Number of protein chains: 2
Amino acid sequence: VSPSPSLIALDWGTTALRASLLADDGLVVDTRTEPWGIMHVPHGDFAAAFERVTAEWRRQWPGLAVVAAGMVGSANGWIEVPYRAAPAGVDELASALGIAPDAALRIVPGIATLGEQPDVMRGEETQIVGALARNPRLATRSVLVLPGTHSKWARVSEGRITDFSTYMTGELFAVLRDHSILGRAPATSAGELSRAALDDAFARGVRAAQRSPRGVAPLLFSARALVVTDRLAGDASLQYLSGLLIGDELRCGLIDDGPPAALVGDAALCDRYRAALALLGVHDVPVIEGAAPAGLWTIARRAGLVAAVGQASSA
Amino acid sequence: VSPSPSLIALDWGTTALRASLLADDGLVVDTRTEPWGIMHVPHGDFAAAFERVTAEWRRQWPGLAVVAAGMVGSANGWIEVPYRAAPAGVDELASALGIAPDAALRIVPGIATLGEQPDVMRGEETQIVGALARNPRLATRSVLVLPGTHSKWARVSEGRITDFSTYMTGELFAVLRDHSILGRAPATSAGELSRAALDDAFARGVRAAQRSPRGVAPLLFSARALVVTDRLAGDASLQYLSGLLIGDELRCGLIDDGPPAALVGDAALCDRYRAALALLGVHDVPVIEGAAPAGLWTIARRAGLVAAVGQASSA
């Protein structure tokens with residue numbers, strides 16, 4: 001017996017729009033992904049993008065609620081949904097959903113901390129709700145790390161996000177690779193480097209960051225200097241740079257927050273963080289995948305959107 | 001009596017080609033600047049660019065030597081001139097000039113340090129030679145800071161560069177401004193911000209960096225978070241970011257090297273460093289301008305290139 005669909009969940013961020021069709025037990029039964037991050041929505045027409053991604057499912061199951069999380073709720077998104085102040089958990093988020101113009105879409109607000117060093121997240125709060133729903137033992141008190149364009153180190157207490165820190169690790173790597181001298185290392189190898197050689201360069205970067213108590217600023221240029229002085233293969237310099245940046249994030253985060261209880265996010269990226277953590281003596285940190293749809297389902301259910309549909313279809 | 005020209009000096013770096021005509025006392029009597037940095041030489045034709053910039057002077061004063069410093073001597077330049085190993089000063093540089101294909105141009109080598117954390121410079125060694133020639137008291141023992149795309153903190157002893165560190169401060173600022181979310185802050189002011197408001201944002205960035213012992217990684221995203229939480233005007237966020245990055249460089253450099261004896265380079269950029277240094281309690285650091293042509297003249301004279309021309313013109 002195939003479970004009946006109960007929700008359309010949209011993970012709508014800067015680079016992609018990931019739509020999931022969820023069953024009434026929260027499991028994903030179908031997905032669609034388009035490269036329509038908020039900066040790349042065709043003609044800037046959010047309503048049209050929304051329609052194209054959800055129309056088929058909504059035609060087949062009329063009345064299905066749609067909930068989105070991520071930058072779609074930012075000032076540069078479809079409609080701006082104000083941040084909730086931390087501490088915030090599923091109750092605070094479910095009670096503050098924004099409504100897109102045609103009223104067929106609810107949008108989860110981001111969370112802001114407003115202390116001496118304010119910080120903001122949009123999308124990660126939903127992943128954290130999903131991670132906690134899947135791993136309730138983490139809800140009491142834990143630190144979760146969400147690697148990414150803007151990595152988040154989130155402190156959770158009694159099911160709510162109390163505080164967090166952002167590291168621009170992923171974006172910093174991307175802009176340095178694509179637009180700085182560090183992305184223009186000459187190829188120095190005769191053939192393609194082995195996986196082991198690339199892993200070794202990554203590890204060198206992590207260890208260099210670990211040995212640099214003042215941070216990454218005095219280290220960044222070593223990704224070039226090592227190449228031009230023949231101490232690092234040009235083909236491996238981006239792996240070394242990735243190790244430097246991830247290693248520096250982990251060095252700072254481990255001092256401030258201690259070892260994370262889990263990594264939440266893309267498996268391949270989380271694996272790099274696990275490898276770097278192991279080099280720093282922190283082993284076996286679990287990885288939680290699929291947290292975004294799980295979080296959207298949890299928030300929608302708390303907001304009464306899943307139950308309402310269930311009643312409608314059983315009527 | 002107008003002094004007779006004795007040398008054409010080229011400061012040929014990544015972003016520009018600055019040609020100076022020098023008198024026999026080393027003073028600049030004429031200049032030409034083209035946006036022909038080594039990445040932007042028209043059609044990649046170095047010989048043609050060289051010809052266009054120097055032809056008129058060379059026609060008027062045949063036999064005038066031409067000496068260049070900077071990235072023109074790198075693997076991505078005209079011809080690659082091997083680095084000299086530190087320690088190196090005017091003697092080591094003058095005895096290792098490279099010769100461009102048509103033999104009308106000598107190129108000063110860069111300097112490399114080859115210790116545990118190797119580092120390289122090309123162009124700055126010539127500015128340092130010029131700074132020391134103009135301020136001989138700095139030659140005995142000093143730390144010179146050369147702000148720029150790749151800032152250098154150079155240690156000088158007995159007239160030679162013994163060691164140095166590179167901070168990618170200028171390039172990091174440029175790529176974050178042009179290609180990251182930090183360059184896309186919404187304009188939050190009704191009108192244009194005052195100079196004082198911009199200076200204040202710069203100072204906030206410097207002080208934030210000063211208070212962050214682990215470095216700039218946990219701080220970068222604050223340049224956005226402060227704006228979206230209405231604690232910083234969007235129009236001032238790049239000034240704040242500039243303060244963060246320069247402040248972090250100075251924080252690290254002051255720990256490693258102590259207060260610099262002088263700043264060498266562009267006056268406007270050096271002024272930003274002076275302002276940041278003052279916020280960190282280091283006052284009245286002198287600025288040395290025009291160091292590149294002075295260094296080229298000093299090296300050329302040591303290599304016998306200026307004397308030779310002098311003899312020719314007096315014959």
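Cut-off values and rules
- Residues numbered from 1 in each chain as written.
- Chains lettered and ligands numbered in written order.
- Predicted model: local features only at pLDDT ≥ 70, side-chain atom pairs only at ≥ 80, totals over all residues.
- Heavy atoms only, no water.
- Helix = DSSP H or I, 4+ residues; strand = E, 2+ residues; numbered from the N terminus.
- Rg over C-alpha atoms; globule rule 2.2 N^0.38 Å.
- Buried < 20%, exposed > 50% of the residue type's maximum accessible area, 1.4 Å probe, protein only.
- Contact = heavy atoms within 4.5 Å.
- Expected span 1.5 Å × (residues − 1).
- Arc of directions from axis to C-beta.
- Core = buried A, V, L, I, M, F, W, Y, C linked by side-chain atoms within 4.5 Å.
- Axes fitted to C-alpha atoms, helices over the stretch in contact; angles between N-to-C directions.
- Parallel < 35°, antiparallel > 145°, perpendicular 65-115°, else oblique.
- Left-handed = near helix turned anticlockwise from the far one by under 90°.
- Least-squares fit on C-alpha atoms with pLDDT ≥ 70 in both.
- Pairing = 2+ DSSP bridges.
- pLDDT = per-residue confidence, 0-100.
- Buried area = accessible area lost by both parts, 1.4 Å probe.
- Salt bridge = Lys/Arg side-chain N within 4 Å of Asp/Glu carboxyl O.
- Polar contact = N/O pair within 3.5 Å; in protein donor to acceptor, adjacent residues only side chain to side chain.
- Nonpolar A, V, L, I, M, F, W, Y, C, P; charged D, E, K, R; others polar.

**Structural notes on the overall build of chain A**
Here comes step 1: A count of helical and extended segments in chain A gives 10 helices and 14 strands.
Here comes step 2: Here chain A has a C-alpha radius of gyration of 21 Å; the compact-globule value for 315 residues is 20 Å, and the two agree.
Here comes step 3: The dimensions of chain A, computed from C-alpha atoms along their principal axes, are 75 × 40 × 40 Å.
Here comes step 4: Relative to its 315 residues, chain A shows a buried fraction of 56%.
Here comes step 5: In chain A, the share of contacts with a sequence separation of at least 24, taken over all contacts with a separation of at least 6, comes to 62%.

**Some details on helix α8 (residues 267–279) of chain A**
Residues and elements named next belong to chain A.
Here comes step 1: End to end, α8 covers 18 Å across 13 residues, agreeing with the expected 18 Å (1.5 Å per residue, within 8%).
Here comes step 2: Among all positions of α8, only Cys270, Tyr273, Ala276 and Leu277 are buried. Angularly, the buried residues of α8 cover 120° about the axis, an arc narrow enough to put them on a single face.
Here comes step 3: Of the surrounding elements, those touching the buried residues of α8 are β11 (151–157), α4 (169–179), α5 (195–210), α7 (237–257), β13 (262–264) and β14 (287–288).
Here comes step 4: Looking one or two places after α8, you find Gly281, whose phi comes out positive at around 90°.

**Things to note about the nonpolar core**
Nonpolar side chains tend toward joint burial in soluble globular proteins.
Here comes step 1: In terms of nonpolar packing, the biggest core is built from 52 residues, with Leu176 and Leu241 of chain A together with Leu176 and Leu241 of chain B touching the most fellow members.
Here comes step 2: Elements supplying a minimum of two residues to this core: α4, α5, α6 (222–228) and α7 of chain A together with α4 (169–179), α5 (195–210), α6 (222–228) and α7 (237–257) of chain B.

**Considerations on the packing of α4 of chain A against α7 of chain A**
All names here are of chain A.
Here comes step 1: Two elements in contact, α4 and α7, have axes separated by 10 Å at closest approach and are oriented at 155°. In terms of their interaxial angle, α4 and α7 are classed as roughly antiparallel. Between α4 and α7 lies a crossing of right-handed hand. Contacts between α4 and α7 pair Thr169, Leu172, Phe173, Leu176 and Arg177 from the former with Leu238, Leu241, Ser242, Leu245, Ile246 and Glu249 from the latter.

**Focus on the relation of the copies chain B and chain A**
Here comes step 1: The transformation that overlays chain B on chain A combines an axial shift of 0.0 Å with a rotation of 180°, and the residual RMSD is 0.1 Å. Taken together, the turn and the small shift mark the pair as related by a two-fold rotation axis. Distance from the rotation axis, computed per C-alpha, reaches its smallest value in chain B at Gly215 of chain B: 2.1 Å.
Here comes step 2: Take the interface residues of chain B: 100% of them recur as interface residues in chain A, which is what a same-surface contact looks like.

**Overview of the pairing of strand β1 (residues 5–12) of chain B**
All names here are of chain B.
Here comes step 1: Counting buried residues in β1 gives seven out of eight residues, a clear majority hidden from the surface.
Here comes step 2: Of the pairings in the sheet, the one linking β1 to strand β2 (residues 17–23) comprises seven bridges and is antiparallel in character. Bridge assignment links Ala9 to a residue of β2, and that residue is Ser20.
Here comes step 3: Bridge count between β1 and strand β4 (residues 66–69): four bridges; the pairing is parallel. Across the sheet, the residue bridging to Ala9 is Val67, located in β4.

**As for the confidence of the model for chain A**
Residues and elements named next belong to chain A.
Here comes step 1: Overall, the prediction assigns chain A a mean pLDDT of 93, with 96% of residues at 70 or greater.
Here comes step 2: Here residues 308–315 is modelled with pLDDT under 50, and outside its nearest four sequence neighbours on either side it reaches four contacts, counting other chains as well.
Here comes step 3: For this predicted complex, the interface confidence reaches an ipTM of 0.93, while the overall pTM sits at 0.93.

**Thoughts on the interface of chain B and chain A**
Here comes step 1: With 47 residues of chain B at the contact, the number on the chain A side is 47 residues.
Here comes step 2: The largest contributions to the chain B side of the interface with chain A come from Met168, Arg214 and Phe221 of chain B, which together make up 19% of the buried area.
Here comes step 3: The residue Arg214 of chain B makes a salt bridge to Asp256 of chain A at a minimum N-O spacing of 2.2 Å.
Here comes step 4: Linking chain B to chain A there are 11 residue pairs in polar contact (both at pLDDT 80 or more).
Here comes step 5: Those elements that place two or more of their residues in the side of chain B that touches chain A are β9 (119–121), β12 (160–167), α4, α6 and α7 of chain B.
Here comes step 6: The class makeup of the residues in the side of chain B that touches chain A is 25 nonpolar, 10 polar and 12 charged.

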